[in-house]
Amino acid sequence: MQVLSNATVAFMDDETAGYRLVERTSIAIEGDRIAWISAGADLPASYGNAPSRDLEGRLVTPGLIDCHTHIVYGGDRAREFEMRLEGAGYEEIARAGGGILSSVRNTREASEEELLALALPRVDTLLREGVTTLEIKSGYGLDIASELKMLRVARRIGELRPVHVVTTWLAAHALPPEFKDDRAGYIDQVVIAGMDQGHAQGLIDAVDGFCEGIAFSAEEMARIFDHARTLGLPVKLHAEQLSDLHGAAMAAEHGALSADHLEYLGADGIAAMAKAGTVAVLLPGAFYTLRETQYPPLQALRDAGVAIALATDSNPGTSPLTSILLTMNMGATLFRMTPAECLRGVTLNAARALGLADRGVIAPGARADLAIWNIKHPAELSYRIGFNPLHARIFGGQLV
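Residues numbered from 1 in each chain as written. Predicted model: local features only at pLDDT ≥ 70, side-chain atom pairs only at ≥ 80, totals over all residues. Heavy atoms only, no water.

- Where an unreviewed UniProt entry is consulted, the protein chain appears under the name Imidazolonepropionase, with the organism given as Pseudaminobacter salicylatoxidans.
- Recorded in UniProt under Function (unreviewed entry), the annotation for the protein chain is "Catalyzes the hydrolytic cleavage of the carbon-nitrogen bond in imidazolone-5-propanoate to yield N-formimidoyl-L-glutamate. It is the third step in the universal histidine degradation pathway." (UniProt positions renumbered as here; feature names shortened; annotations may be inferred.)

This is the structure in structure tokens:
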């Protein structure tokens, strides 16, 4: 048992769309759970002898949650980035071995130890910014062995670092060269068959896919989601990033936890997401890197009451971003989200996007995953660029 006293707490709950800031608050922690919150009142006498840490008025938020990453992969795409800025087009980059297939090649060739060694520094950067829960997708193997290898590495990250890792099966990310003329075969022999194997091995927490003209159709993804349902696995979808294929509506009809990207999301998708409670995960890092001009329909999502989350989309090609704080700033500056929406987007709403009801809030019974900041007001988390005010991180009740 321990007590955090004299805290300024940002309660991210459903009582208000903004912050509910309460000064001089004490938080009692038992094990990995929040047991009691004083909210300005005295703690019960039973906590009187518990070890106490005076936070001296520092801001306390829920531990931050990065609910969409591809942070396990081999190699990098820096040369491709350079070529694009030198004027090279898609075909020239592809002929030079660039694009997603270069990440596939490097990931297939890397051992688990190599992938782990590459991923850990990226993960550590996020943890130093207050992240306590991290989603990690497969999707750069595109064969069963390599996809499962990625998820084993993701599980090991959760064992080696004080962070909760949620794993997502994303074999439906792209079509590998060996199946370029057999889309149905790839879905049956790799996506679905691999899903069965990964589920049997306890490696898959959710199923995702890329619904786009350069990837998979809504009809193909519906087949994959139908199979996920038979295994009891929740689903989510990369949708409407480059065009409107109505993937978000299809995903919502399948009870998807989230639909992500959404720059080209239409009214039908918004209505379906609102009805199903599907979270909109916005990814400003990819928007920035690709220099997009089509903005996600933020106001329409607000008007429909769709919960909005933010994530890094950390990946080697379209969002080489490993800063959740910069993601919040991008959400504010690029998408015009309010700082309060940005904080909700990486706490409460990010937890909902992962189907986790026990975090993203500071409340009795919630996991004691907290971030303690050397600031007084939450707006500073979205306001500053390249500045990390984290004082300490509490994961499962332990100061780390």
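### Here we look at the sheet that holds strand E8 (residues 164–172)
Thinking step 1. An order of E6-E7-E8-E9-E10-E11-E12-E13 is seen for the 8 strands of this open sheet, with the pairing classed as parallel. Looking along the sheet, the strands with just one partner apiece sit at the ends: strand E6 (64–66) and strand E13 (308–310). Ignoring which end each strand starts from, the neighbouring axes of this sheet average 25 degrees apart.
Thinking step 2. With 3 bridges joining them, strand E11 (residues 258–261) and strand E12 (residues 279–282) adopt parallel strand pairing. Residue pairing for E12: Ser258 is matched across the bridge by Val279. (Pairing = 2+ DSSP bridges. Helix = DSSP H or I, 4+ residues; strand = E, 2+ residues; numbered from the N terminus. Axes fitted to C-alpha atoms, helices over the stretch in contact; angles between N-to-C directions.)

### Considerations on the environment of His246
Thinking step 1. Locating His246 in the fold gives a position in the loop between strand E10 (236–239) and helix H8 (247–253).
Thinking step 2. Placed 21 residues apart in sequence, His246 and Ala267 show a C-alpha to C-alpha distance of 9.7 Å.
Thinking step 3. For His246, the side chain forms a polar contact with the side chain of Asp268, separated by 2.8 Å. (Polar contact = N/O pair within 3.5 Å; in protein donor to acceptor, adjacent residues only side chain to side chain.)

### Concerning empty space enclosed by the protein
Thinking step 1. For the structure on display, the rule yields 1 cavity of 30 Å³ or more.
Thinking step 2. Roughly 30 Å³ of internal volume is contained in the largest cavity.
Thinking step 3. Around the largest cavity sit Gly63, Ile65, Thr132, Thr133, Arg359, Gly360, Val361, Arg367 and Asp369, which together line it.
Thinking step 4. Looking at side-chain class alone, the lining of the largest cavity contains 2 nonpolar, 4 polar and 3 charged residues.
Thinking step 5. Mapped onto the domain boundaries, the lining of the largest cavity takes at least three residues apiece from domain 1 (2–62 + 361–399) and domain 2 (64–354). (1 Å grid on protein atoms, 1.4 Å probe; cavity = no way out; pocket = protein on both sides within 12 Å on 5 of 7 lines; lining within 4 Å. Points joined across faces, edges and corners; volume = space filled by probe spheres on them. Nonpolar A, V, L, I, M, F, W, Y, C, P; charged D, E, K, R; others polar. Domains from an automatic or database assignment.)

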